[in-house]
Amino acid sequence: MAKYLFLILSFCLLLFSCRNNKQEIKSEYIANQAYSNEYNIAGDSIYYAVGFQIETHTDYRLVTVRNPWNMNLVLQRYVLVSKTAALPENLPEGVLIRTPLERTVSYGSVQCSFFAEFGALPTLVGVCEPQYIHIPYVQEGVHSGRIADIGQGTNPDLEKIMLAEPEALFTAPIDGSGYGQTAKLGIPFIECMDYMESSPLGRAEWIRFMALFFEKKDLADSLFRETVDNYNQLKELSAQVNRRPSVFAETIYSGVWYLPGGQSYMAHIFRDSGADYLWKDDTGTGSIGLSFESVLDKADKADFWLIKYNNPQDMSYESLKKNNPNYAFFDAFKHRNIYACNMGKVTYYEDLPIHPDYILKDLVGLFHPELLPDYQAKYYNKMR
């Protein structure tokens, strides 16, 4: 399981599937794609994300999650009604959620990171695989027994879930396996599809989706507005550069070199940081699997090589070459211009979905240090 999660993290394999609901979405996604200082991020408008919609009515709120594999279909609808209000008559079809939620279970670290942003961590009564959640509040809660360790996300402990008595389970559907016996418990699943967004700010906007279930909408709007401002300021700064250094990423795994597709999340960040991503012309929004030879043929003269990994020991040129002597053929190896991010020691995975501005700042500082002369790298450091 740990290897599977690492593959998701390192190579952004977006090869998931889930059940379909064949109802058509009737209202259109609002695609403003605008800076937050031009639009007051508030109300029901969605500015960057394509995966959800919000409709606020007098006595309830309707939240629609689109099917990311067929955007003309609905994955799920949630009808949110405040706990302090009487239940209205003639509510629309959807999963009824009384808000704010007070007892929740999170299937992953990403949802916990969103919770931490808008102050919902105290609602957690259970988490899956806490060893991968590097949030002190969660670690302390699991250690003390306040937060239950309910096991693996693919096979949670049903008894522990029932004992925890959550009002909702926050999940990210995986590979069409459904929810198995957990679905029979009758507890609503909040399906968080943020990982299917291809744009950095699109994924970050899912904070506005999750906050609705805790009646934290205004706070989430404010937090997202700040992220948008920071990101776009850095993007404008890097747009002024005269030269864009070439870059490629990652390493080969089990005979396949997985790289971000040209329209993927990371490709957007590379572009916005003022770099020339060598696979920018690829049309994929997920990852692309290539042979070693094809990567070497295109990236042998690249200026930068970025590698993410998770290991107690820091990666070095010696360990990289020991793993595959052919890595030494790349100019970035020869010129000692490899930058590595040890995700076991920094909060890259936790920060990436919510704060793409943090990641972007790291890369702007790496590719164009003259633009941020006093910046100290937070994630990527020069490999030794």
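Relevant structure appears above.
Residues numbered from 1 in each chain as written. Predicted model: local features only at pLDDT ≥ 70, side-chain atom pairs only at ≥ 80, totals over all residues. Heavy atoms only, no water.

1. Quick word on unusual backbone geometry
A negative phi angle characterises most non-glycine residues, just as the trans form characterises most peptide bonds.
Here comes step 1: A cis amide bond links Thr-99 to the next residue, Pro-100, at an omega of 0 degrees.
Here comes step 2: Following the sequence through the fold, Pro-100 ends up in the loop between strand 5 (95-99) and strand 6 (104-106).
Here comes step 3: Backbone geometry places Glu-250, a non-glycine residue, at a positive phi of 65 degrees.
Here comes step 4: Of note in the backbone geometry, Arg-336 takes a positive phi value of approximately 55 degrees without being a glycine.
Here comes step 5: Mapped onto the secondary structure, Arg-336 falls in the loop between helix 11 (331-334) and strand 19 (338-342). (Helix = DSSP H or I, 4+ residues; strand = E, 2+ residues; numbered from the N terminus.)

2. Observations concerning the sheet that holds strand 13 (residues 246-249)
Here comes step 1: Read across the sheet, five strands follow the order 16-13-18-19-20 without closing on themselves; strand pairing throughout is mixed. Strands with a single pairing partner mark the edges of an open sheet, and in this sheet they are strand 16 (276-277) and strand 20 (381-382).
Here comes step 2: As paired strands, strand 13 and strand 18 (residues 304-309) are joined by three bridges and run parallel to one another. Counterpart to Ala-249 in the pairing with strand 18 is Leu-306. (Pairing = 2+ DSSP bridges.)

3. Concerning the sheet that holds strand 17 (residues 287-290)
Here comes step 1: An order of 14-15-17 is seen for the three strands of this open sheet, with the pairing classed as antiparallel. Each edge of the open sheet carries a strand with a single partner, namely strand 14 (252-253) and strand 17.
Here comes step 2: When strand 14 meets strand 15 (residues 256-260), the two strands line up antiparallel, connected through two bridges. Of the residues in strand 15, the one forming a bridge with Tyr-253 is Val-256.

4. Some words on the packing of aromatic side chains
Here comes step 1: Throughout the structure, instances matching the rule amount to 32 aromatic pairs.
Here comes step 2: When the ring of Phe-170 is compared with that of Phe-214, the centres are 5.7 Å apart and the planes differ by 20 degrees; the resulting orientation is stacked. Here Phe-214 lies in the loop between helix 6 (206-211) and helix 7 (217-238) and Phe-170 lies in strand 11 (residues 168-171), a separation of 44 residues in the sequence. Across the pair, exposure class does not vary: Phe-170 and Phe-214 are buried alike. (Phe/Tyr/Trp six-rings, centres within 6.5 Å; stacked < 30°, edge-to-face > 60°. Buried < 20%, exposed > 50% of the residue type's maximum accessible area, 1.4 Å probe, protein only.)

5. Here we look at the nonpolar core
Here comes step 1: Among the nonpolar cores identified, the biggest contains 97 residues, and Phe-209, Phe-213, Phe-248, Trp-305, Leu-306 and Phe-330 are the most heavily contacted of them.
Here comes step 2: Broken down by element, the residue count for this core peaks at six residues, all from helix 13 (residues 356-367).
Here comes step 3: Formed by 11 residues, the second largest nonpolar core is a distinct cluster that contains Cys-128, Leu-169, Tyr-179 and Phe-189. (Core = buried A, V, L, I, M, F, W, Y, C linked by side-chain atoms within 4.5 Å.)

6. Quick word on the environment of Asn-337
Here comes step 1: Mapped onto the secondary structure, Asn-337 falls in the loop between helix 11 and strand 19.
Here comes step 2: Sequence separation between Asn-337 and Trp-305 is 32 residues, and the spatial gap between their C-alpha atoms is 6.7 Å.

7. Points about the packing of helix 7 against helix 13
Here comes step 1: One way to put it is that helix 7 packs onto helix 13 with a least axis distance of 9 Å and a crossing angle of 20 degrees. As summarised for this structure, helix 7 and helix 13 are arranged roughly parallel, according to the angle between their axes. Note on packing geometry: the crossing formed by helix 7 with helix 13 is left-handed. Where helix 7 approaches helix 13, its residues Thr-227, Asn-230, Tyr-231, Leu-234, Lys-235 and Ser-238 are matched on the opposing element by Pro-356, Asp-357, Leu-360, Lys-361 and Val-364.
Here comes step 2: Among the residues making up the contact of helix 7 with helix 13, the classes are represented as five nonpolar, three polar and three charged. (Axes fitted to C-alpha atoms, helices over the stretch in contact; angles between N-to-C directions. Parallel < 35°, antiparallel > 145°, perpendicular 65-115°, else oblique. Left-handed = near helix turned anticlockwise from the far one by under 90°. Contact = heavy atoms within 4.5 Å. Nonpolar A, V, L, I, M, F, W, Y, C, P; charged D, E, K, R; others polar.)

8. Details of the side chain of Asp-362
Here comes step 1: Along the chain, Asp-362 turns up in helix 13.
Here comes step 2: Here Tyr-375 takes part through its side chain, which lies 2.6 Å from a polar atom of the side chain of Asp-362.
Here comes step 3: At a separation of 2.8 Å, a polar atom in the side chain of Asp-362 contacts the main-chain amide nitrogen of Tyr-380.
Here comes step 4: The residues contacting Asp-362, other than those within four sequence positions of it, are Tyr-375, Ala-377, Lys-378, Tyr-379 and Tyr-380. (Polar contact = N/O pair within 3.5 Å; in protein donor to acceptor, adjacent residues only side chain to side chain.)

9. Describing empty space enclosed by the protein
Here comes step 1: Applying the stated criterion across every chain yields a total of two cavities of 30 Å³ or more.
Here comes step 2: Roughly 50 Å³ of internal volume is contained in the largest cavity.
Here comes step 3: Around the largest cavity, the lining residues are Glu-117, Ala-204, Ile-207, Leu-223, Phe-224, Thr-227, Ile-354 and His-355. (1 Å grid on protein atoms, 1.4 Å probe; cavity = no way out; pocket = protein on both sides within 12 Å on 5 of 7 lines; lining within 4 Å. Points joined across faces, edges and corners; volume = space filled by probe spheres on them.)

Shape is all these values report; function is a separate question.
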